[in-house]
Amino acid sequence: MADQTHVLFVEDDDVIREATQLALERDGFAVTAMPDGLSGLEAFRANRPDIALLDVMVPGLDGVSLCRRIRDESTVPVIMLSARADSIDVVLGLEAGADDYVTKPFDGAVLVARIRAVLRRFGHAGGGEKPGEGADGVSGGVLTFGELEIDTEGMEVRRAGQPVALTPTEMRLLLEFSSAPGTVLSRDKLLERVWDYGWGGDTRVVDVHVQRLRTKIGQDRIETVRGFGYKLKA
C-alpha cells in the first residue's frame, strides 16, 4: 500500500461501495472503504490517505460534516459525491473545504479521471506538480499586493505579516491570479488551469473557492467582473 495512492472511500450503499472499490483497485489504487462518517473519520486518522471520496448522505456523521472535520486536521484533497447536481449539498461540501465533487451515478472512468486530476494538483500520482508549479508565469520570488505577500517558492502566504493557511487548491487559485494581476480570468479558464478540467465543468466550484480565498486574503483583493470572471487587484 505504501507504493500506491491510498483512497479513503465513505459510502453507505453496499453495492456502490463494493463496486467502486473494486473499480478503483483495478486502476491501481489502494482503497479503504467505510459505510458511515464516524468510521470514515476513524479510518482517516488511522491511515492518513492521499485522497478522500465522501458521499454527502452517509449516516452517523454526514459527508459535509466529515469533510469539515478532515479539513480541520489536514489539507488532504477531498472529493464529494452527490446524488443531485443541483443540490445545495454540493455548495455546502465545497464550502466545508472539498476540492471537487462528482455527481452520482458516475462512470468509473470519469471518477478515476477526476481523482487523478486532483492528485496532480496536489503533487501525487507519479510525482506530479507541486501546488502552484503549473500556474502560468509564476516563478520563484515573493509577490506583494498591498498587505498580501505570496512566496511562490516556499508556498507561503502572509497578510499584514501574519501567515495565511491555504489548501493546495486555494494556493493554486491564488497563484493563477497573481501570475496576471489586473487581468480578468474567466471561470472556464480557472477550471482548466486550477482544476485540470479538459471539459466543461460546474463553475460553482470556482465561485465557492474564490469566496473561501477572499475570506482569507481580504474580501476586496479579488474583484468580480460581472459576465466575465475574476481578477486580482494589482
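So, here's what we can say about the structure. What you are looking at is a predicted structure, and each value in this text was computed from that prediction instead of being measured. (Residues numbered from 1 in each chain as written. Predicted model: local features only at pLDDT ≥ 70, side-chain atom pairs only at ≥ 80, totals over all residues. Heavy atoms only, no water.)

**Quick notes on the packing of helix α6 (residues 168-179) against helix α7 (residues 187-194)**
Thinking step 1. One can describe the packing of α6 onto α7 by two numbers: an axis separation of 10 Å at closest approach and a directional angle of 125°. By the angle class used here, α6 and α7 are oblique. In terms of crossing hand, the pair formed by α6 and α7 is right-handed. Every residue of α7 that contacts α6 at Thr-169, Arg-172, Leu-173, Glu-176 and Phe-177 is listed here: Leu-190, Arg-193 and Val-194. (Axes fitted to C-alpha atoms, helices over the stretch in contact; angles between N-to-C directions. Helix = DSSP H or I, 4+ residues; strand = E, 2+ residues; numbered from the N terminus. Parallel < 35°, antiparallel > 145°, perpendicular 65-115°, else oblique. Left-handed = near helix turned anticlockwise from the far one by under 90°. Contact = heavy atoms within 4.5 Å.)

**Description of helix α2 (residues 37-47)**
Thinking step 1. Of the positions making up α2, those classed as buried are Gly-37, Ser-39, Gly-40, Leu-41, Ala-43 and Phe-44.
Thinking step 2. Of the surrounding elements, those touching the buried residues of α2 are β1 (6-10), β2 (30-34) and α3 (63-73).
Thinking step 3. If you check the start of α2, you find a side-chain oxygen 3.2 Å away from the backbone N of Leu-38, and it comes from Asp-36.
Thinking step 4. Once α2 finishes, Arg-48 follows within two positions and takes phi at roughly 45°, a positive value. (Buried < 20%, exposed > 50% of the residue type's maximum accessible area, 1.4 Å probe, protein only. Polar contact = N/O pair within 3.5 Å; in protein donor to acceptor, adjacent residues only side chain to side chain.)

**Focus on the sheet that holds strand β7 (residues 148-151)**
Thinking step 1. In space, the four strands of this open sheet follow the order β6-β7-β8-β9, with antiparallel pairing throughout. Looking along the sheet, the strands with just one partner apiece sit at the ends: β6 (142-145) and β9 (162-164). Pairwise comparison of adjacent strand axes, ignoring direction, gives a mean angle of 25° for this sheet.
Thinking step 2. As judged from the four bridges shared by β7 and strand β8 (residues 156-159), these two strands associate in the antiparallel manner. Directly across from Glu-149, in β8, lies its bridge partner Arg-158.
Thinking step 3. Of the strands in this sheet, β6, β7 and β8 touch α6, which is tilted by about 105° from β7. (Pairing = 2+ DSSP bridges.)

**Considering helix α5 (residues 108-121)**
Thinking step 1. The first and last C-alpha atoms of α5 sit 20 Å apart over 14 residues, in line with the 20 Å expected at 1.5 Å per residue.
Thinking step 2. Next to the buried residues of α5 lie α1 (14-26), β3 (51-55), β4 (78-82), β5 (100-103), α6 and α7.
Thinking step 3. Two to three positions downstream of the cap, the backbone nitrogen of Ala-109 sits 2.8 Å from a side-chain oxygen, assigning the N-cap of α5 to Asp-107.
Thinking step 4. Following α5 by one or two positions, Gly-123 adopts a phi angle in the positive range, close to 85°. (Expected span 1.5 Å × (residues − 1).)

**Section: the sheet that holds β1**
Thinking step 1. A sheet is described by the order of its strands in space; here five strands give the open sequence β2-β1-β3-β4-β5, paired in parallel fashion. Each edge of the open sheet is held by one strand with a lone partner, namely β2 and β5. Pairs of neighbouring strands in the sheet enclose a mean axial angle of 20°, with direction left out of account.
Thinking step 2. Relative to β2, β1 runs parallel, the two sharing five bridges. Within the sheet, the bridge partner assigned to Leu-8 lies in β2 and is Thr-32.
Thinking step 3. Across the sheet, α1 lies against β1, β2 and β3, angled at about 170° from β2, the strand it touches most.

Treat this as a map of the structure, not an account of what it does.
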